[in-house]
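Each chain, written out:
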Amino acid sequence: MLRWRLLMSAILIPLVCVLFRTDLQLGPPAWILFALCLLIAARSAWEFSDLLKTRSFQPCFPLTGSLSILIVAAAWLPALLHPGQNPNPATALTGIAAAMIGSFLVLLAHEAWQFQQPGHSMETLGTNLVTVLYAGALLAVTAQLRWCPSPENGYFALASMIICVKAGDTCAYTFGRLWGKRKMAPRLSPGKTWMGLVGAIVGSIAGSWLWLTFAGTLFLHSPKPGSLPVVLLYGLTTGLAGLVGDLVESLVKRDVGRKDSAALMPGFGGLLDLVDSPLYAGPVALAWWILLPPAS
């Protein structure tokens, strides 16, 4: 398992760095990130729909996949309509909210149209709604980090969240393997320990501080870190959000009796197993960058 994780990480990390670097050179509309998010939304909706095909749930992937893509597209609508202007995350969030409300109306109408007998409609409506919110809305909101604090330095903010979450995940795994004895959530995620939680906190805070302090020279205008308490609190809250995101996906898998969301990548499982933490931590990080930026 560890060998496959290291191998896949050695492939995925440089690939993502190249894609982000190329996208940054193409300008604010972020076409490469847009295409990547559309693919992630469609694949995540498919995996979620496949996971929830149990009991009385009857998820509809063509519908949830389309609505997830619609929400992501709504996040890019300002950039698509005005390609020469710098996108405004506040405007994009308004579009995302409108797309979410529209998606809910479509899902309600779909269940009314498909109704045949009692016992399935509300369960299926819930699974479809959760799928759209998870695969579409969380991804669309997280992608707004691309334009914070500015389009030229957006990947500085996006990378800070990813590094914070993944550093916490790596240290949690290491601390848990070396010193973990007491289980944190044995019924939900048997592999997680309280010492792993300590590792997640240490790793996320260290990753946040290192990136925000030393990586600014890689970007235009060389962003400077904010005050030390803000940097440390940003790492702490974002890292903990990533840990909760991992537990939330474990909740879904345990409830439906599955170990992985899919068999897509050796060592990781499905795409949802890879993006669960960033999707949950993304909105938390975006709130920091809008309300109290950890770098200037």
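Residues numbered from 1 in each chain as written. Predicted model: local features only at pLDDT ≥ 70, side-chain atom pairs only at ≥ 80, totals over all residues. Heavy atoms only, no water.

Asker: Explanation requested: the nonpolar core in the structure shown.
Answerer: Most often, soluble globular proteins keep nonpolar side chains buried together rather than apart. Ranked by internal contacts, the top residues of the largest apolar core, which has 61 residues, are Val 72, Trp 76, Leu 145, Phe 156, Met 161, Leu 212 and Trp 289. Those elements that place two or more of their residues in this core are α2 (31-51), α3 (61-75), α5 (89-114), α6 (121-143), α7 (154-179), α8 (194-214), α9 (228-256) and α10 (271-291). If one sorts the elements of this core by residue count, α10 sits on top with 10 residues. Excluding its chain neighbours within four sequence positions, the residues that come into contact with Val 72 are Phe 34, Cys 37, Leu 38, Ala 41, Gly 136, Leu 139 and Ala 140. (Core = buried A, V, L, I, M, F, W, Y, C linked by side-chain atoms within 4.5 Å. Buried < 20%, exposed > 50% of the residue type's maximum accessible area, 1.4 Å probe, protein only. Helix = DSSP H or I, 4+ residues; strand = E, 2+ residues; numbered from the N terminus. Contact = heavy atoms within 4.5 Å.)

Asker: Explanation requested: α10 in the structure shown.
Answerer: Compared with the 30 Å implied by 1.5 Å per residue over 21 residues, the 30 Å span of α10 between its first and last C-alpha is a close match. Of all the bends in α10, the greatest reaches close to 35° and is centred on Gly 282; the proline Pro 283 follows between one and four positions later. For α10, a buried count of 15 out of 21 residues is recorded, marking the element as mostly surrounded by other parts of the structure. (Expected span 1.5 Å × (residues − 1). Bend = angle between axes of the 7 residues up to and from the residue.)

Asker: Where do I start with the layout of surface pockets in this structure?
Answerer: A water-sized probe rolled over the atoms picks out the places where empty space is left. Its boundaries defined by the atoms lining it, the second largest pocket holds a volume of some 200 Å³. Residue lining of the second largest pocket: Gln 58, His 110, Glu 111, Gln 114, Phe 115, Gln 116, Gln 117, His 120, Ser 121 and Thr 124, and that is the complete set. At the level of elements, α5 and α6 are the ones that each hand at least two residues to the lining of the second largest pocket. Sorting elements by how many residues they give to the lining of the second largest pocket places α5 first, with three residues. (1 Å grid on protein atoms, 1.4 Å probe; cavity = no way out; pocket = protein on both sides within 12 Å on 5 of 7 lines; lining within 4 Å. Points joined across faces, edges and corners; volume = space filled by probe spheres on them.)

Asker: Teacher, can you tell me more about the environment of Lys 53 here?
Answerer: With respect to the helices and strands, Lys 53 occurs in the loop between α2 and α3. Once the C-alpha coordinates of Lys 53 and Thr 127 are considered, the two residues, 74 residues apart in sequence, prove to be 9.3 Å apart.

Asker: I tried to follow the environment of Leu 105 on my own but got confused; where do I start?
Answerer: By the secondary structure assignment, Leu 105 is in helix α5. What makes Leu 105 exposed here is its relative accessible area of 54%. Separated by 180 residues in the primary sequence, Leu 105 and Ala 285 place their C-alpha atoms 29 Å from one another.

Asker: Any chance you could explain the packing of α2 against α6 here in plain terms?
Answerer: Geometry of a packed helix pair, given as the angle between the helix axes and the separation of the axes. Where α2 contacts α6, the axes come no closer than 9 Å and their chain directions differ by 160°. By the angle class used here, α2 and α6 are roughly antiparallel. α2 and α6 meet at a crossing whose hand is right-handed. Residues Leu 33, Cys 37, Ile 40, Ala 41, Ser 44, Ala 45, Phe 48 and Ser 49 of α2 form the contact with α6, whose own contacting residues are Val 130, Thr 131, Tyr 134, Ala 135, Leu 139 and Ala 143. (Axes fitted to C-alpha atoms, helices over the stretch in contact; angles between N-to-C directions. Parallel < 35°, antiparallel > 145°, perpendicular 65-115°, else oblique. Left-handed = near helix turned anticlockwise from the far one by under 90°.)

Asker: Mind showing me how you'd approach the pairing of strand β2 (residues 189-193) here?
Answerer: Every other side chain in a regular strand lies on the same face of the sheet, so the side chains alternate between the two faces. Relative to β2, strand β1 (residues 183-185) runs antiparallel, the two being bridged by two bridges. Following the sheet pairing, Ala 185 is matched in β2 by Ser 189. Between β1 and β2, which pair antiparallel in sequence order, lie three residues. (Pairing = 2+ DSSP bridges.)

Asker: What should I look at first to understand the confidence of the model for the chain in this one?
Answerer: Predicted coordinates in areas of low pLDDT are best not read in detail. Predicted confidence across the chain gives a mean pLDDT of 85, with 92% of residues reaching 70 or more. Between the elements of the chain, mean pLDDT differs from a low of 69, seen in helix α1 (residues 2-26), to a high of 94, seen in α3. (pLDDT = per-residue confidence, 0-100.)

Asker: I keep staring at the pattern of salt bridges and nothing clicks. Help me out?
Answerer: Any two side chains of opposite charge can pair, so long as their charged atoms come close to each other. All chains considered together, the criterion is met by five salt bridges. Notably, a salt bridge pairs Asp 23 with Arg 146, separated by 3.5 Å at the nearest N-O pair. Placement of the pair is Asp 23 in helix α1 and Arg 146 in the loop between α6 and α7, with a sequence separation of 123 residues. Judged by relative accessible area, which is 0%, Asp 23 ranks as buried. Residue class for Arg 146 comes out buried when judged on its relative accessible area of 0%. Here Asp 273 and Lys 253 are joined by a salt bridge, their closest N and O atoms 2.8 Å apart. Of this pair, Asp 273 sits in helix α10 while Lys 253 sits in helix α9, and the two are 20 residues apart along the sequence. For Asp 273, a relative accessible area of 12% gives the class buried. When salt bridges that share partners are traced, they join Glu 249, Lys 253 and Asp 273 into one network. (Salt bridge = Lys/Arg side-chain N within 4 Å of Asp/Glu carboxyl O.)

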